[in-house]
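These are the residues of each chain, in order.
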Amino acid sequence: MRPQLAIAISVISIMGLSGNATAAAADQPLLPGITQQGTGADSYAFTIGEVRVTALSDGSVPQNLHKLLHGITKEKIDERLAHAYQISPAEASITGFLLEVGNRIVLVDTGAGEQFGPDIGGNLLGSLDSVGYSPDDVTDVLITHAHSDHVGGLIQNGQIVFSNATVHIGKPDIDFFLDSKNAERFDYNPGFFEQAIQILTPYADAERIDVFDETMEILPGLTASLRPGHTPGSAFYTLESQGQTLTFIGDIIHAGAVQFPDPSVTIVYDVDEKMARNVRSEAFSAFANDSSLVASPHLSFPGVGHIRKAQEGYDWVPISYGNREVKKGN
């Protein structure tokens, strides 16, 4: 079976509605329905110091949280979701981020591309085009980790999409996912390895992959740091400009309504659930203490905001919407 098809089937089985979920939906008729945004392209821009940052939508995906989340009961999941006016399956965004850093055009993650089939994801290139850039303009791609909804957009029809870009990724993810024998060693879904090999090998063969295994400045104003747990090479990227910062946190959180009040809840995709839980708890505490601005690919688009300590766990505070020209000095 082709890797794309195998993962598409896996996604469909995970997001499938159960009878209880259908009943829950009937109990909340006022919830708005999901529809595609125009052509599927969507973006939102803001600035960090001198850097223009644009969130690029790749689409969204329904997640059956009853099947995906660990360390919490189904009843408690439904309670958390109801508090946030959601039900399971809950919609998760798939978002990449474009950074205009000096003479470099930097993309953080690439969305799912073709990996989830024709109806889920695959809109990032349209979003990129809508803000005036083509794949050939991208000089660097920063990968938070090697799961297909983050690296899938690197290829199209088996061919390299970002032909002028260097792909930056944590070395432990390259070592882990490009060795298919690790699926059995770690009892982890072999589809993830098949996809990573299919997607990353063309860039490796073209010598366009740059790995890191420690905290380091990989580009001017951009620092990479490993946060293993969700995957062995999961990474944060922190942008700093004129005293302002923004940290791209990858998949330390998938279901905000559940995991913000209880960061101990893990997800089936975690390679090491204990490490992933610890990374999330430590990061949430640090971000809340420092009032850090963070960007998350799976929180509701554009997925940018602050994490604030709450009476129970944490709250998510999205950035305010802005849509006007601001001239320097104003």
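Okay, so let's go over this structure. (Residues numbered from 1 in each chain as written. Predicted model: local features only at pLDDT ≥ 70, side-chain atom pairs only at ≥ 80, totals over all residues. Heavy atoms only, no water.)

So, the sheet that holds strand 12 (residues 222-226)
Part 1: Taking strand neighbours across the sheet as the criterion, the 7 strands line up as 11-12-13-14-16-17-18 in an open arrangement whose pairing is mixed. The outermost strands of the open sheet, each flanked by one partner alone, are strand 11 (216-219) and strand 18 (314-318). Recorded for the sheet is a direction-independent mean angle of 35 degrees between the axes of neighbouring strands.
Part 2: Across 5 bridges, strand 13 (residues 235-241) lies against strand 14 (residues 244-248) in antiparallel orientation. (Pairing = 2+ DSSP bridges. Helix = DSSP H or I, 4+ residues; strand = E, 2+ residues; numbered from the N terminus. Axes fitted to C-alpha atoms, helices over the stretch in contact; angles between N-to-C directions.)

Focus on helix 11 (residues 273-290)
Part 1: Its 18 residues give helix 11 an end-to-end C-alpha distance of 26 Å, which sits within 8% of 26 Å, the value for a rise of 1.5 Å per residue.
Part 2: Those residues of helix 11 that fall on the buried side of the exposure criterion are Ala-276, Val-279, Arg-280, Ala-283, Phe-284, Phe-287 and Ala-288. The arc that holds the buried residues of helix 11, viewed along the axis, is 145 degrees, so those residues lie on one side. Away from its buried face, by an angle of more than 90 degrees, helix 11 presents the exposed residues Lys-274, Glu-282, Asn-289 and Asp-290.
Part 3: The N-terminus of helix 11 is capped by Asp-272, whose side-chain oxygen sits 3.2 Å from the backbone nitrogen of Lys-274. (Expected span 1.5 Å × (residues − 1). Buried < 20%, exposed > 50% of the residue type's maximum accessible area, 1.4 Å probe, protein only. Arc of directions from axis to C-beta. Polar contact = N/O pair within 3.5 Å; in protein donor to acceptor, adjacent residues only side chain to side chain.)

A look at the nonpolar core
Part 1: The biggest cluster of nonpolar side chains holds 29 residues, and the ones touching the most others in it are Leu-107, Val-138, Val-141, Leu-154, Phe-162 and Phe-177.
Part 2: Elements represented by at least two residues in this core include exactly strand 5 (104-108), helix 5 (124-130), strand 9 (166-170), helix 7 (171-177) and helix 9 (190-205).
Part 3: For this core, the element with the most residues is helix 9, which contributes 6 residues.
Part 4: Core analysis: the next-biggest nonpolar cluster, separate from the first, contains 25 residues, Phe-97, Val-101, Val-106 and Leu-246 among them. (Core = buried A, V, L, I, M, F, W, Y, C linked by side-chain atoms within 4.5 Å.)

A few points about unusual backbone geometry
Part 1: With omega at 5 degrees, the peptide bond leading from Ser-88 into Pro-89 counts as cis.
Part 2: By the element assignment, Pro-89 lies in the loop between helix 4 (74-83) and strand 4 (90-101).
Part 3: Between Phe-301 and Pro-302 the backbone carries a cis peptide bond, its omega angle lying at 5 degrees.
Part 4: Among the secondary structure elements, Pro-302 is positioned in the loop between strand 16 (293-295) and strand 17 (304-309).
Part 5: Even without a glycine there, the phi angle at Asn-157 is positive, about 55 degrees.
Part 6: Its location among the elements puts Asn-157 in the loop between strand 7 (155-156) and strand 8 (159-160).

Focus on the pattern of salt bridges
Part 1: Evaluation of the coordinates by the stated rule reveals 7 salt bridges.
Part 2: Two residues, Asp-175 and Lys-171, come together in a salt bridge whose shortest N-O distance is 2.8 Å. Residue Asp-175 and its partner Lys-171 are located together in helix 7, separated by 4 residues, close to a single helical turn.
Part 3: Asp-179 serves as the salt-bridge partner of Arg-185, at 3.0 Å between the closest nitrogen and oxygen.
Part 4: Residue classification places Arg-185 among the exposed positions, given a relative accessible area of 52%. (Salt bridge = Lys/Arg side-chain N within 4 Å of Asp/Glu carboxyl O.)

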